Amino acid sequence: MTDQPTLITGRAFWRGFRRNRIAVAGLAMLLIALAAAVFAPAVAPYDPYAPVAITVESIYQRPGPAHWLGTDDAGKDVLSNFIFGARVSLTVGIFASFISVVIGGLIGISAGYFGGRLERWLMRFTDFMLVIPDLPLIVVIVAITRPSLTNIILVIGLLGWTTTARLVRSQTLSIKERKFVLRARSIGAGHLHILRRHIFPLVLPLLVVNSVLIISLAILNESTLSFLGLSDPTRISWGQMLNYAFERGAMSSRAWWVLVTPGFGIVWLVLGFTLLGHGLEQVLNPRTEWHHLTDHPRMVSLPAPLNPQP
Amino acid sequence: MTSPLLDVRDLSVDFHLPGRPPGHAVSRVGFTLQPGEAMGLVGESGCGKTTLSLALLRLLPPQGRIVSGSVKFNGRELLALSEPEMANVRWKDISMIFQGAMNALNPVASIGAQISEAVRRHYSFMTPVEARTRTAELLDMVGIGAARAGQYPHQYSGGMRQRAMIAMALACSPQIVIADEPTTALDVMIQAQILDLLDRLRRELGLAVIFVTHDLGVVAELCDKVLVMYAGVTAEYAGVDEIYNQPRHPYTQELLKAFPDLSRPRAALNSIPGYPPRIDALPPGCRFAPRCPAVFDRCHIDQPALHALTPEHLAACHLVESES
Amino acid sequence: MTPALRLVSLKKHFAAGRAGFFHRDPRLVHAVDGISLEVAHGEILALVGESGCGKSTLALTLLGLEKPTSGEIHFEGTDVTHLRGAALKDMHRRIQMVFQDPYESLNPMMTVEEAVAEPLEVHSLLKNSAARRTRVIQALEDAGLKPADSFLDRLPHQLSGGQRQRVVIAAALVLEPTILLADEPVSMLDVSIRAEILNLLAEIRARRSITILFITHDFGTIAHFADRIAVMYLGRIVEIGATEEVLRDPQHPYTQALLSAVPVPNPRLRQKRLILQGETPNPIDLPSGCRFHPRCPVAEDRCRLTDPPAVPLSATHSAACLLVED
């Protein structure tokens, strides 16, 4: 038997997707988060950007009927902050990952397809970027530039493409060697045609999976930046909520809800994207379904002892 | 007549795939094998050749099940053995050269190390030195030469890798070797070398060999008898001369006409229109009926029984039955 | 009449690895090493040889995917050896290839229609989608896929091996080429359907008078299919002649050995076969003199020294062996 290529048609994809519990769970988690973010003004009980008159009592109020998740150090409703915070995380995650995947995809495909000197330079550059610890660099750059939402997206996106580039390059290398690419060349097809019709469609599933997985990394990076105080001060984000909570005595006030809530949000989104990513990977590339360590297929199966014939 | 080395009777294998009716991959196939005898197992791809050979070793994939029959090796029922007992039979009594396995050698271990490992896995009492000696012996036997034991698979050509696979299969001096497409994807000359080697080993070691192949030339050159399978059933089972010179089943006849014969260069090649049926959607009557040039009404209703023309020539066809 | 294809001492050498610290000059792989050949319009020529004999490199060179090191390629009387750009692309239209493995030579994500229309798209022909579809359907029917409409939207994994090879043939025919290179087009297919594909190629030749270069290592397949046979060894043609001549009366010891190694499907014709030991040596360190002498069963001293020229045996038959001369 020849190795079946990793191909899936639209309908087969949905069938496989629906059967994959991990992917469906991840998608459900993300849809909830996405709905909350999009309809934040309708869902949130208070407007977090509206000024509030604070009294001593309104700071760090315990969760109660008026504030389901209590209030923070500025007397604002934590639940509303939490819901609006999802917007920043999702925006940064999606846009930054988009930038990363576009850069990584371009570099990976060109290096893998053209090879030679171009590949050596591109991959050397990729390795160089790969060994620089991302987070300190991001912190430094954001600290030097102004910490606005756009800057944060750009910095995270421009530094997060290295793994994508490596994966895409190796996938391209193997597709390039397949016979149908040679056949296309023998027809007289140029590089652009081969890249567009043969390489890209077969790299695409990898890019999709990768972008989903990178979103969760970007969300974590964004939260870390905000937690370190490098967030856009005009927008509420979960990292920023954590930062304020730490700096303004939530711990000593035993206001656990101020800490747990944004933490839970980050975990929810990262988990959702990771589950969806791994689920998609299994659906799009059935070969990863079996792993020799997870389950050893039973070699022998007999229903019942048979009577030896006379 | 002495009792045969291998006696297979009425062996049936079903495949169970989720959401599909069970597929009858092999149905009531039987044959015998004497020591030192070579049998060809031929048919198109998907006709159950490989499934049958895996079933003999009880190495079916999880979806496959042996549902009936008996496989006796030296009078011992293999299907009744416990799994550890069966593991002992595999390789030491019956071994197999898997199709395409020569491309699945571990690229980062030397050929010698891989053969030694196979030797020691089955002969745990051997010291590494003894295993190495045995490996050298095996490599000499298959014409690689002990000097090349330290080389890695990428330093071997396709033909040499296939020789290494044969050495591995012979590691425990088995009495039967099943060779699944041992020469496909090799050049003509290398093919001839490998077949020559297998034939020599058969004579020198008294091996019984089952050649699983679609290459009728290989079978004609090397085998004593032939089992022609179609869609999981025996089409014809006879001595090699009967199969090639008096084929009785239309499938055998068509298959022979489709195979190029250099001794008759002017004979036009024939093709068999259509495809073998899927094992989960078999036709009700004779499984070959939809493609058979000699088909008549009864073939679509009745499945023909295996009919003995002589004690050594069996064919499953209504035409044969009505004739005799 | 001008031949469809004429090769004049065509050579293709590759550098074996880059020039390094230890050897300044890269060593050369003599993949194709001086091939001269004429193929007539509508002729089927079989190129027979083992792997490493240079037949695949020759095909890639003819397709313009490898630049020849030296020599000339004449295509219908025109020298196309040094074509570039648009002229080269235009030549691609007239020489098309069918590959060995029908499971690998179709993109798994392209439908039959897309695959067959791809050459038209590449060459910007028939931009009108209705006309393009008509041509695709015509090509599929010529390749024996009927009714063609029912195949248009299928993906390769929904086709059998024979059907896939027919799709590949249709995609090669859609540009109406004059030469078809077929690299082992049936060796991956089941015995029962090989004849179908061979007959299809013969029929296409008859109908369109296409020249077919059939590359194979198996004499059996081409015995009654080819008009002429050329046997290749280490980048050279060692014997060439009409099919009958080469099969009945092979003159070069290599041809004789190859023929004797082909198993005959008749147990009554079992014979001691002439099996050459070892494998085709690598084309880097070519033996001196006749390049076949180290494996030749009848080699003499002079074979080590003299590189034998092609000796004509009849109007169509010639062999490059010193012993033939006598």
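The rules behind these values
Residues numbered from 1 in each chain as written. Chains lettered and ligands numbered in written order. Predicted model: local features only at pLDDT ≥ 70, side-chain atom pairs only at ≥ 80, totals over all residues. Heavy atoms only, no water. Helix = DSSP H or I, 4+ residues; strand = E, 2+ residues; numbered from the N terminus. Rg over C-alpha atoms; globule rule 2.2 N^0.38 Å. Contact = heavy atoms within 4.5 Å. Areas by Shrake-Rupley, 256 points an atom, 1.4 Å probe, with all protein chains shown as cover. Buried area = accessible area lost by both parts, 1.4 Å probe. Salt bridge = Lys/Arg side-chain N within 4 Å of Asp/Glu carboxyl O. Polar contact = N/O pair within 3.5 Å; in protein donor to acceptor, adjacent residues only side chain to side chain. Nonpolar A, V, L, I, M, F, W, Y, C, P; charged D, E, K, R; others polar. Buried < 20%, exposed > 50% of the residue type's maximum accessible area, 1.4 Å probe, protein only. Patch = residues over 30% accessible without salt bridge, like charges linked within 9 Å, V, L, I, M, F, W, Y side chains within 5 Å. Lys, Arg positive; Asp, Glu negative; His and termini not counted. Charge placed at Lys NZ, Arg CZ, Asp CG, Glu CD. Expected span 1.5 Å × (residues − 1). Pairing = 2+ DSSP bridges. Axes fitted to C-alpha atoms, helices over the stretch in contact; angles between N-to-C directions. Core = buried A, V, L, I, M, F, W, Y, C linked by side-chain atoms within 4.5 Å. pLDDT = per-residue confidence, 0-100. Phe/Tyr/Trp six-rings, centres within 6.5 Å; stacked < 30°, edge-to-face > 60°. Lys NZ or Arg CZ within 6 Å of the ring centre and 35° of its normal. Parallel < 35°, antiparallel > 145°, perpendicular 65-115°, else oblique. Left-handed = near helix turned anticlockwise from the far one by under 90°.

### Overview of the overall build of chain B
Link 1 in the chain: When helices and strands are tallied, chain B shows 10 helices and 12 strands.
Link 2 in the chain: In terms of overall size, chain B behaves like a compact globule, its C-alpha atoms giving a radius of gyration of 21 Å where 324 residues would be expected to give roughly 20 Å.
Link 3 in the chain: The principal-axis extents of the C-alpha atoms in chain B amount to approximately 65 × 50 × 45 Å.
Link 4 in the chain: If you take every contact in chain B between residues at least 6 apart in sequence, the share linking residues at least 24 apart comes to 64%.
Link 5 in the chain: Surface accessibility of chain B: about 12900 Å² in total, with carbon and sulfur atoms responsible for 54%.

### Overview of the interface of chain C and chain B
Link 1 in the chain: In this assembly, 43 residues from chain C lie in contact with 45 residues from chain B.
Link 2 in the chain: For the pair chain C and chain B, the two sides together bury roughly 3900 Å², of which 57% comes from carbon and sulfur.
Link 3 in the chain: For Arg-268 of chain C, the salt bridge identified is with Asp-241 of chain B, shortest N-O distance 2.8 Å.
Link 4 in the chain: For the interface between chain C and chain B, the tally reads 12 residue pairs in polar contact (both at pLDDT 80 or more).
Link 5 in the chain: A per-element tally of the side of chain C that touches chain B places helix H7 (residues 191-208) of chain C first, with eight residues.
Link 6 in the chain: Broken down by class, the residue content of the side of chain C that touches chain B amounts to 20 nonpolar, 12 polar and 11 charged.

### Quick notes on the environment of Ala-185 of chain B
All names here are of chain B.
Link 1 in the chain: As for its placement among the helices and strands, Ala-185 is situated in the loop between strand S7 (176-180) and helix H6 (188-205).
Link 2 in the chain: By relative accessible area, which is 74% here, Ala-185 ends up exposed.
Link 3 in the chain: Spatially, the C-alpha atoms of Ala-185 and Leu-6 are 30 Å apart, while their sequence positions differ by 179 residues.

### With respect to a positive patch on the surface
Link 1 in the chain: A contiguous patch of positive charge, built from Arg-11, Arg-15, Arg-18 and Arg-19 of chain A, is present on the exposed surface.
Link 2 in the chain: With respect to the element layout, Arg-15 of chain A can be found in helix H1 (residues 10-19).

### Side note on helix H5 (residues 116-131) of chain A
Link 1 in the chain: The end-to-end C-alpha distance of H5 of chain A is 23 Å, a good match for the 22 Å that 16 residues give at a rise of 1.5 Å each.
Link 2 in the chain: Those residues of H5 of chain A that are buried are in contact with helix H4 (78-114), helix H6 (134-144), helix H7 (149-159) and helix H8 (162-176) of chain A.

### Observations regarding the pairing of strand S4 (residues 70-75) of chain C
Side-chain direction in a regular strand flips from residue to residue, so the side chains alternate between the two faces of the sheet.
Residue and element names in this part refer to chain C.
Link 1 in the chain: Bridge count for strand S1 (residues 5-16) against S4 is five bridges, and the pairing is antiparallel. When the bridges of S4 are listed, Lys-11 appears paired with Ser-70.
Link 2 in the chain: By the bridge criterion, two bridges tie S4 to strand S5 (residues 78-79) in an arrangement that is antiparallel. The residue of S5 that forms the bridge with Phe-75 is Thr-78.
Link 3 in the chain: Counting the residues in the hairpin turn of S4 and S5 gives two residues, including Glu-76, whose phi is positive at 50 degrees.

### A closer look at unusual backbone geometry
A negative phi holds for most residues other than glycine; trans holds for most peptide bonds.
Residues and elements named next belong to chain C.
Link 1 in the chain: Of the consecutive residues Lys-146 and Pro-147, the connecting peptide bond is found in the cis state with omega at -10 degrees.
Link 2 in the chain: Located in the positive-phi region is Ser-9, a residue other than glycine, with phi close to 25 degrees.
Link 3 in the chain: Mapped onto the secondary structure, Ser-9 falls in strand S1.
Link 4 in the chain: Residues other than glycine seldom take positive phi values, yet Glu-176 does so here, at roughly 50 degrees.
Link 5 in the chain: Summarising the element assignment, Glu-176 is placed in the loop between helix H6 (161-173) and strand S7 (179-183).

### With respect to the sheet that holds strand S9 (residues 225-230) of chain B
Pairing between sheet strands relies on hydrogen bonds along the backbone, with the strands arranged either parallel or antiparallel.
Residue and element names in this part refer to chain B.
Link 1 in the chain: Taken together, the eight strands give an open sheet; going across it, the order is S6-S7-S8-S3-S9-S10-S12-S11, and neighbouring strands pair in mixed fashion. Strand pairing shows two members of the sheet lacking a second neighbour, strand S6 (94-97) and strand S11 (307-310), which therefore form its edges. Pairwise comparison of adjacent strand axes, ignoring direction, gives a mean angle of 20 degrees for this sheet.
Link 2 in the chain: Of the strand pairs in this sheet, S7 and strand S8 (residues 208-213) are connected by five bridges, and their pairing is parallel. Paired with Asp-180 across the two strands is Val-212, which belongs to S8.
Link 3 in the chain: Of the strands in this sheet, strand S3 (38-42), S6, S7, S8 and S9 are in contact with helix H1 (residues 49-56), which crosses S8 at around 150 degrees.

### Considerations on the sheet that holds S1 of chain C
All names here are of chain C.
Link 1 in the chain: Pairing is antiparallel in the open sheet, where four strands are placed in the order S2-S1-S4-S5. Strands at the two margins of the open sheet, each flanked by one partner only, are strand S2 (27-39) and S5.
Link 2 in the chain: The pairing of S1 with S2 spans 10 bridges and is classified as antiparallel. Bridged to Leu-5 within S2 is Val-39.

### Considering helix H11 (residues 238-247) of chain A
Residue and element names in this part refer to chain A.
Link 1 in the chain: In terms of burial, H11 is largely enclosed, as seven of its 10 residues are buried.
Link 2 in the chain: Where H11 is concerned, the buried positions are Trp-238, Gly-239, Gln-240, Met-241, Leu-242, Asn-243 and Ala-245.
Link 3 in the chain: Of the surrounding secondary structure, the elements contacted by the buried residues of H11 are H4, helix H10 (191-227) and helix H12 (256-284).
Link 4 in the chain: One or two residues past the end of H11 sits Gly-249, with phi positive at roughly 75 degrees.

### Some details on the nonpolar core
What tends to happen in soluble globular proteins is that the nonpolar side chains get buried as a cluster.
Link 1 in the chain: One finds Val-116, Leu-140, Ile-169, Phe-219, Ile-222 and Ile-229 of chain C to be the most contacted residues of the largest nonpolar core, which totals 90 residues.
Link 2 in the chain: Among residues more than four places away in sequence, those in contact with Ile-169 of chain C are Val-98, Ala-143, Ile-197, Leu-200, Leu-201 and Ile-204 of chain C.
Link 3 in the chain: By size, the runner-up hydrophobic cluster in this structure holds 70 residues, among which are Tyr-123, Met-160 and Ala-258 of chain B together with Val-191 of chain C.

### Side note on the confidence of the model for chain A
Residue and element names in this part refer to chain A.
Link 1 in the chain: Mean pLDDT over chain A: 83, with 89% of residues reaching 70 or higher.
Link 2 in the chain: pLDDT under 50 marks residues 1-7. Its contacts with residues more than four places away, or in other chains, come to 12 contacts.
Link 3 in the chain: Confidence drops under pLDDT 50 across residues 287-310; counting only partners more than four residues distant or on other chains, this segment forms 40 contacts.

### Focus: the environment of Thr-184 of chain B
Residue and element names in this part refer to chain B.
Link 1 in the chain: Position of Thr-184 among the secondary structure elements: in the loop between S7 and H6.
Link 2 in the chain: Each C-alpha atom, one on Thr-184 and one on His-214, is 9.1 Å from the other, the two residues being 30 residues apart in sequence.
Link 3 in the chain: Looking at Thr-184, its side chain comes within polar contact range of the side chain of Glu-181, at 3.0 Å.

### Let's talk about the packing of aromatic side chains
Link 1 in the chain: Scanning the entire structure with this criterion turns up 16 aromatic pairs over all chains.
Link 2 in the chain: Between Trp-14 of chain A and Phe-17 of chain A, the ring centres sit 5.5 Å apart and the planes meet at 75 degrees, which makes this aromatic pair edge-to-face. Placement of both Trp-14 of chain A and Phe-17 of chain A in helix H1 is noted, with a separation of three residues, approximately one turn of the helix.
Link 3 in the chain: Aromatic rings pair up to connect Tyr-230, Tyr-251 and Phe-288 of chain B into one cluster.
Link 4 in the chain: In this structure, Arg-124 of chain A packs its charged tip against the face of Trp-121 of chain A, placed 5.7 Å from the ring centre.
Link 5 in the chain: Sitting above the plane of the Tyr-244 of chain A ring, Arg-248 of chain A keeps its charged end 4.0 Å from the centroid.

### A short note on the pairing of strand S9 (residues 228-233) of chain C
All names here are of chain C.
Link 1 in the chain: With six of six residues buried, S9 lies mostly within the body of the structure.
Link 2 in the chain: In S9, alternate side chains face the same way, and those of Arg-228, Ala-230 and Met-232 on one face and Ile-229, Val-231 and Tyr-233 on the other are all buried.
Link 3 in the chain: Of the pairings in the sheet, the one linking strand S3 (residues 44-48) to S9 comprises four bridges and is parallel in character. Among the inter-strand pairings, Leu-45 is bridged to a residue of S9, identified as Arg-228.
Link 4 in the chain: Inspection of the sheet shows S9 paired to strand S10 (residues 236-242) by six bridges, in the antiparallel sense. Its bridge partner lying in S10, Ala-230 is registered against Ile-240.
Link 5 in the chain: Between S9 and the antiparallel strand that follows it, S10, lie two residues; Leu-234 among them carries a positive phi value of about 45 degrees.

### Notes on the packing of helix H3 (residues 111-122) of chain B against helix H5 (residues 158-169) of chain B
Residue and element names in this part refer to chain B.
Link 1 in the chain: With their axes 9 Å apart at the nearest point, H3 and H5 run at an angle of 20 degrees to one another. The orientation of H3 with respect to H5, classified from their angle, is roughly parallel. Crossing angle aside, the handedness with which H3 passes H5 is right-handed. For the pair H3 and H5, contact is made by Ile-111, Gln-114, Ile-115 and Ala-118 and by Ala-164, Ala-167 and Met-168, respectively.
Link 2 in the chain: When the residues that make up the contact of H3 with H5 are grouped by side-chain class, the tally is six nonpolar, one polar and no charged.

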